[in-house]
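# Structural overview
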Amino acid sequence: MKKIALLLVLITTLVGCSLDNGDRDTYTYSVLPIETYELPAAFKLGQAYTIKLTYQKPSACHIYQGIYYAKELNKRTIAIQAAVKDNQSCTSEVPPISEASFNFTATATGSYIFKIYKGKGADDKDLFEEVEIPVIQ
């Protein structure tokens, strides 16, 4: 009897779970180019710096999702992450320039290379502006 009751509970649980998204919203994610940035001329080892970025949302439907930040040795790749709710009607009005920032602390000597995402080129390849910043002690 216990096995039958357990089997019925298991079947009810499985039938009650649905993988269908139903009325849930779906989003398309993208990476936005950085318009301007503020970097110091040099970093002092161990000191924290606020790096300021500005970017342009293509529409009012774009939602800021954070800063894309990838580390590889002394290179830092930076871009803006955004999302757009699918099947949403947007106006053609372009919103004002937006700002974002993050904190950076130089933890190694030498220099850091910041690869700032600037968008897509004519050949649809990603374009980056590279800035090398020395670390002083």
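We now turn to the structure provided with this report. Bear in mind that the values here come from a model prediction, so they are computed numbers and not experimental data.

## Regarding the overall build of the protein chain
Tallying secondary structure elements over the protein chain gives one helix and nine strands in all. Along its sequence from the N terminus, the protein chain presents helices and strands in the succession α-β-β-β-β-β-β-β-β-β. In the protein chain, buried positions account for 28% of the 137 residues. Put simply, of all contacts in the protein chain between residues at least 6 apart along the chain, 63% involve residues at least 24 apart. Put simply, the protein chain shows about 9,700 Å² of open surface, and 54% of that area lies on carbon and sulfur atoms.

## Quick word on a nonpolar patch on the surface
Side chains of Tyr27, Tyr29 and Ile63 sit close together on the surface and give an oily, nonpolar patch of about 310 Å² of accessible area. Within the fold, Ile63 resides in strand E5 (residues 62–72).

## With respect to the pattern of salt bridges
Inspection of the entire model under this criterion finds one salt bridge. A salt bridge links Asp126 to Lys120, with the shortest nitrogen-to-oxygen separation between them at 2.8 Å.

## A closer look at the sheet that holds strand E2 (residues 34–38)
If you trace the three strands from one edge of the open sheet to the other, you get E2-E4-E7, paired in antiparallel fashion. Here the strands that pair on one side only, and so sit at the sheet edges, are E2 and strand E7 (98–105). On average, each strand axis in the sheet is inclined to that of its neighbour by 25°, with strand direction left out of account.

## Describing the side chain of Ser59
Here Ser59 is to be found in the loop between strand E4 (48–55) and E5. A relative accessible area of 10% places Ser59 in the buried class. In this structure the side chain of Ser59 is engaged in a polar contact, spanning 3.2 Å, whose partner is the backbone nitrogen of Cys61. Within the local environment of Ser59, its side chain forms a polar contact with the side chain of His62, the two groups lying 2.9 Å apart. In contact with Ser59, other than residues within four places in its own chain, are Cys90, Glu93 and Pro95.

## Observations concerning the pairing of E7
Only one face of E7 is buried: it carries Ser98, Ala100, Phe102 and Phe104, and the other face, with Glu99, Ser101, Asn103 and Thr105, is open. The pairing of E4 with E7 spans eight bridges and is classified as antiparallel. When the bridges of E7 are listed, Thr54 appears paired with Glu99.

## A word on the packing of aromatic side chains
Geometry of an aromatic ring pair is reported as the spacing of the ring centres plus the angle between the planes. A full pass over the atoms with the stated rule returns 10 aromatic pairs. For the ring pair Phe43 and Tyr112, a centre distance of 6.2 Å and an interplane angle of 85° mean the geometry is edge-to-face. Note that Phe43 is positioned in strand E3 (residues 43–44) and Tyr112 in strand E8 (residues 110–120), a separation of 69 residues in sequence. Tyr112 carries the same exposure label as Phe43, and that label is buried. Here Phe104 and Tyr112 contribute two aromatic rings whose centre-to-centre distance is 4.9 Å and whose plane-to-plane angle is 85°, an arrangement assigned as edge-to-face. Of the residues examined, Phe104 reaches a relative accessible area of 4% and is grouped as buried. A residue is classified by how much of its surface remains accessible, and Tyr112, at 2% relative accessible area, is buried.

Here is what the cut-offs are and how they apply
- Residues numbered from 1 in each chain as written.
- Predicted model: local features only at pLDDT ≥ 70, side-chain atom pairs only at ≥ 80, totals over all residues.
- Heavy atoms only, no water.
- Helix = DSSP H or I, 4+ residues; strand = E, 2+ residues; numbered from the N terminus.
- Buried < 20%, exposed > 50% of the residue type's maximum accessible area, 1.4 Å probe, protein only.
- Contact = heavy atoms within 4.5 Å.
- Areas by Shrake-Rupley, 256 points an atom, 1.4 Å probe, with all protein chains shown as cover.
- Patch = residues over 30% accessible without salt bridge, like charges linked within 9 Å, V, L, I, M, F, W, Y side chains within 5 Å.
- Salt bridge = Lys/Arg side-chain N within 4 Å of Asp/Glu carboxyl O.
- Pairing = 2+ DSSP bridges.
- Axes fitted to C-alpha atoms, helices over the stretch in contact; angles between N-to-C directions.
- Polar contact = N/O pair within 3.5 Å; in protein donor to acceptor, adjacent residues only side chain to side chain.
- Phe/Tyr/Trp six-rings, centres within 6.5 Å; stacked < 30°, edge-to-face > 60°.

Read these as spatial facts, not as claims about activity.
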